[in-house]
Amino acid sequence: MKLNFKQFINESPLVNYVTSINPQNNQKRQKEYDQESSLGYFSKKDIKIITNPKTTRILKEKLKNIGYNINILLYEKSKGNYTKEIEEYIQNNNIPTENHITFVKNGSTGDFLTPWMIFHTFGHAVQNYQKINPPSNSLLNCFELGFQLQQAKNLFMFKSAQNMDVPTKRIIDFAELENELIAEFLWNAKIRIKQPQFLSLAECIENKIKQSLNQCVGKIIYDWDNG
Ligand SMILES: [Zn+2]
């Protein structure tokens, strides 16, 4: 089958992965990182992970299948509104934003920035974008009334759902469940479910995630409050 150009684009999503590390932060870097909120720089350990070719390879490999063009920009910078600076950086480095979702993350936020966690924080950015740009499109509308967080264990296959009994590893609230579901979608290009009777739930979640991602195409989304 011959594909037209638009289909061709959709069949082969483009992925750009860029890290911009500020050497001025080298003094501040800690090996471990256990703070709740971002300090605006990446920890030593995170820099090791995010600059590792394996990380790049995994991210690009995973995002190949989701049908969206994605930019991941890990741009080290303390908190605050510096939209202009990011826009300039993007322009100066010829990162295409048209038809792309451009995700920017500015520093370590507690959990080690494994490829999965990068996708999880991408979820934060999607949710942040939607806070400022409703309509709100909560995935939770897919769940039956009275749904309890604990039930995630019986529905989904990703690790944090399986760890719902482990206090330090469990998903702490519904917003984090949404982020994990977005990570699950980016990782597998679908929501995997444990039993076939949850198929319609998975479809509902997938559709809502696609609606959310559609909203973010052509936009720059930030994993911190950039307002
Ligand atoms: Zn989170």
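The structure presented is a predicted model; accordingly, all values stated were derived computationally and were not measured. (Residues numbered from 1 in each chain as written. Predicted model: local features only at pLDDT ≥ 70, side-chain atom pairs only at ≥ 80, totals over all residues.)

Draft legend 1. Just the sheet that holds strand β3 (residues 100–105), in detail. One open sheet accounts for four strands, arranged β1-β2-β3-β4; its pairing is parallel. Of all strands in the sheet, those with a lone pairing partner are β1 (15–20) and β4 (220–222), marking the two edges. When strand polarity is set aside, the average angle formed by the axes of neighbouring strands in this sheet is 15 degrees. With six bridges joining them, β1 and strand β2 (residues 69–75) adopt parallel strand pairing. The residue of β2 that forms the bridge with Asn16 is Asn71. Where helix α5 (residues 115–132) meets the sheet, it contacts β2, β3 and β4, and its direction lies at approximately 105 degrees from that of β4. (Pairing = 2+ DSSP bridges. Helix = DSSP H or I, 4+ residues; strand = E, 2+ residues; numbered from the N terminus. Axes fitted to C-alpha atoms, helices over the stretch in contact; angles between N-to-C directions. Contact = placed C-beta atoms within 7 Å.)

Draft legend 2. Expanded view of the nonpolar core. Core analysis: the largest hydrophobic core is formed by 44 residues, its most contacted members being Phe103, Phe119, Phe122, Leu181, Ile182, Leu186 and Ile221. Counting residues per element, this core draws most heavily on helix α8 (residues 174–188), at seven residues. If near-sequence neighbours (up to four positions away) are discounted, Leu186 is found in contact with Lys62, Leu63, Ile66, Phe119 and Phe122. (Core = buried A, V, L, I, M, F, W, Y, C linked by C-beta atoms within 7 Å. Buried ≥ 20, exposed ≤ 12 C-beta atoms within 10 Å, placed from the backbone.)

Draft legend 3. Structural detail: helix α3 (residues 53–63). Those residues of α3 that sit buried are Leu59, Lys62 and Leu63. Projected down its long axis, α3 carries its buried residues within an arc of 90 degrees, all on one side. Exposed residues pointing more than 90 degrees away from the buried face of α3 are listed as Pro53, Lys54, Arg57 and Glu61. (Arc of directions from axis to C-beta.)

Draft legend 4. A look at the packing of α5 against α8. Between α5 and α8, the shortest axis-to-axis distance is 8 Å and the interhelical angle comes to 120 degrees. In terms of orientation, α5 and α8 fall into the oblique class. The handedness of the crossing between α5 and α8 comes out as right-handed. From α5, Trp116, Phe119, His120, Phe122, Gly123, His124, Val126 and Gln127 reach across to α8, where they touch Ala175, Glu178, Asn179, Glu180, Ile182, Ala183, Leu186 and Trp187. Tallied by class, residues from the contact of α5 with α8 come to nine nonpolar, five polar and two charged. (Parallel < 35°, antiparallel > 145°, perpendicular 65-115°, else oblique. Left-handed = near helix turned anticlockwise from the far one by under 90°. Nonpolar A, V, L, I, M, F, W, Y, C, P; charged D, E, K, R; others polar.)

Draft legend 5. Structural detail: the environment of Tyr129. Along the chain, Tyr129 falls in helix α5. For the pair Tyr129 and Ile220, spaced 91 residues apart in sequence, the C-alpha to C-alpha distance is 8.8 Å. Other than its neighbours up to four places away in sequence, Tyr129 contacts Cys216, Lys219 and Ile221.

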